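Below, each chain spelled out in residue letters.
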Amino acid sequence: MIDLFKRITVVRGEVDSLPEKVLAFLEHDVELCQPSFIHICDGSDEENRLMLDILMADEIIQTLPKYDNCVLAHTDPRDVARVESKTFISTQLQREAVALPKAGVKGQLGNWMSPRDLETAIQERFPGCMKGRTMYLLAYCMGPMGSPLSKFGIQVTDSAYVVACMRIMTRMGKQVLDAMGDGDFVRCLHSVGCPLPLKEPLQRNWPCNPKLTFIAHKTATNEVMSFGSGYGGNSLLGKKCFSLRIGSAIARREGWLAEHMLIVGVTNPEGVKRYLVAAFPSQCGKTNLAMLTATLPGYKVECVGDDIAWMRFDEKGQLRAINPENGFFGVCPARTSDGGVFWEGLEKDLPEGVTITSWLGEENWQPGSDHPAAHPNSRFCTPAGQCPTIDPNWEDPAGVPIDAIIFGGRRPVGIPLVYESLNWQHGVFVGATVSSEATSAAEYAGHEVMHDPFSARPFLSYNAGDYINHWLEMEMPGRRMPKIFHVNWFRRDSKGQFLWPGFGENIRVLDWILRRCSNEKDDIAEMSPIGFIPKQGSINMDGLENPVDWKKLFDLPKDFWIAEMDNIEKYLTDQINEDLPREMIKEIEDLRQRFNQF
Ligand code: SPV
Ligand code: MN
């Protein structure tokens, strides 16, 4: 055994049996972080119980007795979201990682760090950061085991909470180490940044280090380093860090797409099933759409994934998608006194005498209070296989065939319920110009509309101009290109009321989209300046509780669109500047031209 490990107690697993490369990685991180104990995770039920026992003893979790095998963790109120301002991509040249904005403009498409500054940042944080704690090593697979589309990762972490969640969110444990052998893996280092003994008392028993929080990615060498936060997107490194940031860099090199998209299968009353992917910025209801219960009779929606899609064209030219994840990490609610959970909107369904405890521990929280019961970004973490509407093919190693790509955002004005792009290049433009109201999944306040190209802005790991180019280059002879659509469930009238009921009624829009993807003879679309929009009456509105105002849903106010086009042009040219593909300039010109003739 290597000398280093003789000084540390290996509490579980055998370091000697690790593949050589994994051992070298472990050795490096042990030397850096100086944990007191090492635990090689096997992913077993027994190990999971041990993690939960540790978390219970540390009073980080409590059981929710109303449900089987369900626990609640309250975090330090300062550690509740991704921290985009402290998320970095490190490459030799800045321009590899981020487009260089116009002079005097602040870049919004990611933060670059030089290799030298990264080394300094690491040295300021990681040496000795696990003193007194256990370093867990977990091997995991993103994507179904055995799929040619899947990829391996190794994460070391000093958080039992992270181990328990990674076991849900990924395929994790001994079987992965066995399958991986001497193969490559993404190297992930995570620490909550609270060596023992503590220098400051914990808040709500949740170890974190908000002052020093940072999440860094070395895309050239497939490495992630995360410090100071236990929150999902910052600490479950298989998710945003690997599957999106490192993933899209690998995808670019290998010619495929790693996207912030849900994947669903929709079956119509004739029994025809088609799959689609949809990209929305964080907190626009991706999980809701992924688990939609159709209100139209005879339709069924089944879920393959709710957050991330890895997609590749197969040898027949068909785009196929896998969900790299194994669980859902969705927005969820507060605790009730009967050991259950409370979602806003369930006020009327609360059993008599049951009270709500807010996320800040305030007992007897009252509906209608001036502050929400749960932090708006509080999350649940649960295995995908437990979803009642999980798709039977969700773990198909070949992936599911994709017929349509949907982009969307939260747009209160101007943007119609649905439109279809004119062709692939125009569709890429639609993706590049996604905007949405700000979200509490990161550190933003307020609701201003923010640009979020491909809903991947927080997850870009290389120059946005190259990202757009990579999308453009997907179109090749012999490939059946999916149609690209844009949806907006969130348009409001002048009184601020939503014009569309949303939720299960969104099946009506999915139905229209999928009819556009079949070779249906009925003419259900008409040309507009922004693309094809539904002909009046072509979306099935049968049985809608309240009639919708078609005109207001599909109106294209010219003054709004003139401002929107100016805004898009300014954003793309300011932010992507010299790296903006000329195809995007052409699309803006064509859009202007079409409005001029409108
Ligand atoms: C998102 O913010 O887009 C999420 C949640 O899916 S997290 O994984 O925490 O980033
Ligand atoms: Mn997400």
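This structure is a prediction, so every number in the text was calculated from the model and none was measured. Counting restarts for each chain, with residues numbered from 1 along the sequence as it is written. Chains and ligands are labelled sequentially in the order written, the chains with letters from A and the ligands with numbers from 1. pLDDT decides what is reported in this predicted model: residues at 70 or higher carry local features, side-chain atom pairs at 80 or more are listed and counted, and totals for whole chains, interfaces and linings draw on all residues regardless. Hydrogens and waters are ignored; side-chain quantities use all the structure's heavy atoms.

Participant: Could you clarify how one ought to interpret the site of ligand 1 in this entry?
Facilitator: A single heavy atom is enough: if one lies within 4 Å of a molecule or strand, its residue is considered near that molecule or strand. Every one of the 13 residues lining ligand 1 counts as a neighbour, but Arg82, Tyr231, Gly233, Lys240 and Ser282 are closest to it. In the analysis that follows, any N or O atom pair within 3.5 Å is treated as a polar contact, provided that within protein one partner can donate a hydrogen and the other can accept it, and provided that, for residues neighboring in sequence, both atoms belong to side chains. Within the backbone of Gly233, an N or O atom sits 2.9 Å from an oxygen atom of ligand 1. In the model, an oxygen atom of ligand 1 is placed 3.2 Å from a nitrogen or oxygen of the His260 side chain. Residue-level accessible areas treat just the shown protein chains as cover; the underlying method is Shrake-Rupley with a 1.4 Å probe. Calculation on ligand 1 without its partners gives an accessible area of 280 Å², and the protein chains cover 98% of this total. Here a helix means four or more residues in a row that DSSP labels H or I, a strand means two or more in a row labelled E, and each is numbered from the N terminus. Of all the secondary-structure elements, those providing two or more residues to the shell around ligand 1 are helix 8 (232-235) and helix 9 (238-254). By residue class, the composition of the shell around ligand 1 is four nonpolar, four polar and five charged. Note on residue classes: Ala, Val, Leu, Ile, Met, Phe, Trp, Tyr, Cys and Pro are nonpolar, Asp, Glu, Lys and Arg are charged, and everything else, Gly too, is polar.

Participant: What am I meant to see in the coordination of the manganese ion (ligand 2) here?
Facilitator: For a metal bound by four donors in tetrahedral geometry, the ideal donor-metal-donor angle is 109.5 degrees, whereas six donors in octahedral geometry ideally sit at 90 or 180 degrees. Note that water is not among the atoms used; donors are N, O and S atoms within 2.8 Å of the metal (3.2 Å for Na, K and Ca), so sites may look incomplete. At 2.1 to 2.2 Å from the manganese ion (ligand 2) lie its protein donor atoms, namely Lys240 (NZ), His260 (NE2) and Asp307 (OD). When the donors of the manganese ion (ligand 2) are listed by position in the chain, the intervening gaps give K-x19-H-x46-D. With His260 in the loop between strand 13 (257-259) and strand 14 (261-267) and Asp307 in the loop between strand 16 (300-305) and strand 17 (309-313), this pair connects stretches of sequence that are 47 residues apart.

Participant: Would you explain the nonpolar core in this entry?
Facilitator: Nonpolar side chains in soluble globular proteins tend to end up buried together. Here, nonpolar core refers to any group of buried Ala, Val, Leu, Ile, Met, Phe, Trp, Tyr and Cys residues whose side-chain atoms link them within 4.5 Å. Three exposure classes are used, based on accessible area relative to the maximum for each residue type with a 1.4 Å probe and protein chains only: buried under 20%, partly exposed in between, and exposed over 50%. Counting residues in hydrophobic clusters, the biggest one holds 96 residues, and the most contacted among them are Phe407, Trp471 and Ile513. With seven residues, the single largest contributor to this core is helix 13 (residues 507-517). Beyond its immediate sequence surroundings of up to four residues, Ile513 is in contact with Ala404, Ile406, Val418, Phe485 and Val487. By definition, residues are in contact when any of their heavy atoms lie within 4.5 Å.

Participant: Can you walk me through the UniProt feature "domain: Phosphoenolpyruvate carboxykinase GTP-utilising N-terminal" (unreviewed entry) in the protein chain in this structure?
Facilitator: UniProt positions are given in the numbering used here, feature names are shortened, and annotations may be inferred rather than shown by experiment. Feature annotation in UniProt assigns "domain: Phosphoenolpyruvate carboxykinase GTP-utilising N-terminal" (unreviewed entry) to the following positions: residues 25-252. For residues 25-252, the helix share is 32%, the strand share is 22%, and the end-to-end C-alpha distance is 25 Å.

Participant: So what exactly am I meant to see when it comes to the packing of helix 11 (residues 424-432) against helix 16 (residues 582-596) here?
Facilitator: Pairs of packed helices are described in terms of their axes, by the angle between the two and the distance that separates them. All axes are obtained by fitting lines to C-alpha atoms, using only the stretch in contact for helices, and the reported angles, taken between N-to-C directions, cover 0 to 180 degrees. Their axes nearest at 10 Å, the elements helix 11 and helix 16 cross at an angle of 95 degrees. Classed by the angle they form, the pair helix 11 and helix 16 counts as roughly perpendicular. Along the contact surface, helix 11 presents Gln425, His426, Val428, Phe429 and Ala432, while helix 16 presents Glu583, Met584, Lys586, Glu587, Ile588, Leu591 and Arg594. Looking at side-chain class alone, the contact of helix 11 with helix 16 contains six nonpolar, two polar and four charged residues. Roughly parallel means an angle under 35 degrees; roughly antiparallel, over 145; roughly perpendicular, 65 to 115; everything else is oblique.

Participant: Which parts of the structure should I look at to understand unusual backbone geometry?
Facilitator: Glycine aside, negative phi is the norm for most residues, and most peptide bonds take the trans geometry. Of note, the bond from Leu196 into Pro197 is cis; its omega dihedral lies within 30 degrees of zero at -5 degrees. With respect to the element layout, Pro197 can be found in the loop between strand 10 (186-191) and strand 11 (214-218). Residues other than glycine seldom take positive phi values, yet Arg204 does so here, at roughly 55 degrees. One non-glycine residue, Ser455, lies in the positive phi region at around 50 degrees. Here Ser455 is to be found in the loop between strand 27 (449-451) and helix 12 (464-473). According to the relative accessible area criterion, Ser455 is buried, its value standing at 0%.

Participant: In this structure, what is going on with the packing of aromatic side chains? I would like to understand it.
Facilitator: The pairing test for Phe, Tyr and Trp rings, Trp by its six-membered ring, is centres within 6.5 Å, and the orientation test on the planes gives stacked under 30 degrees, edge-to-face over 60, and tilted for anything in between. Applying the stated criterion to the full structure yields 22 aromatic pairs. With 4.6 Å between their ring centres and 35 degrees between their planes, Trp550 and Phe554 make a pair best called tilted. Here Phe554 and Trp550 lie together in helix 14 (residues 550-554), a separation of four residues that amounts to about one turn. The same class applies to Trp550 and to Phe554, which are both buried. An aromatic cluster is defined as three or more aromatic residues linked by ring pairs; in this entry it consists of Phe407, Trp424, Phe454, Tyr462, Tyr467 and Trp471. Two conditions define a charge sitting above a ring: the NZ of Lys or the CZ of Arg must be within 6 Å of the ring centre, and it must be within 35 degrees of the ring normal. The ring of Phe532 carries Arg516 above its face, with NZ or CZ at 5.2 Å from the centroid.

Participant: Honestly, the pairing of strand 2 (residues 37-40) in this entry has me stumped. Any pointers?
Facilitator: Taken residue by residue, a regular strand's side chains alternate between the two faces of the sheet. Only strands joined by at least two bridges in the DSSP assignment are considered to pair. As paired elements, strand 1 (residues 9-12) and strand 2 share three bridges and run parallel to each other. Within strand 2, the position partnered with Thr9 by the bridge is Phe37. When the strands point away from the viewer, a crossover counts as right-handed if the path from the first strand over the helix to the second runs clockwise. Remark: the strand 1/helix 2 (residues 20-33)/strand 2 crossover connection has left-handed handedness. Pairing between strand 2 and strand 7 (residues 134-142): four bridges, direction parallel. Note that in strand 7 the partner of Ile40 across the bridge is Leu137.

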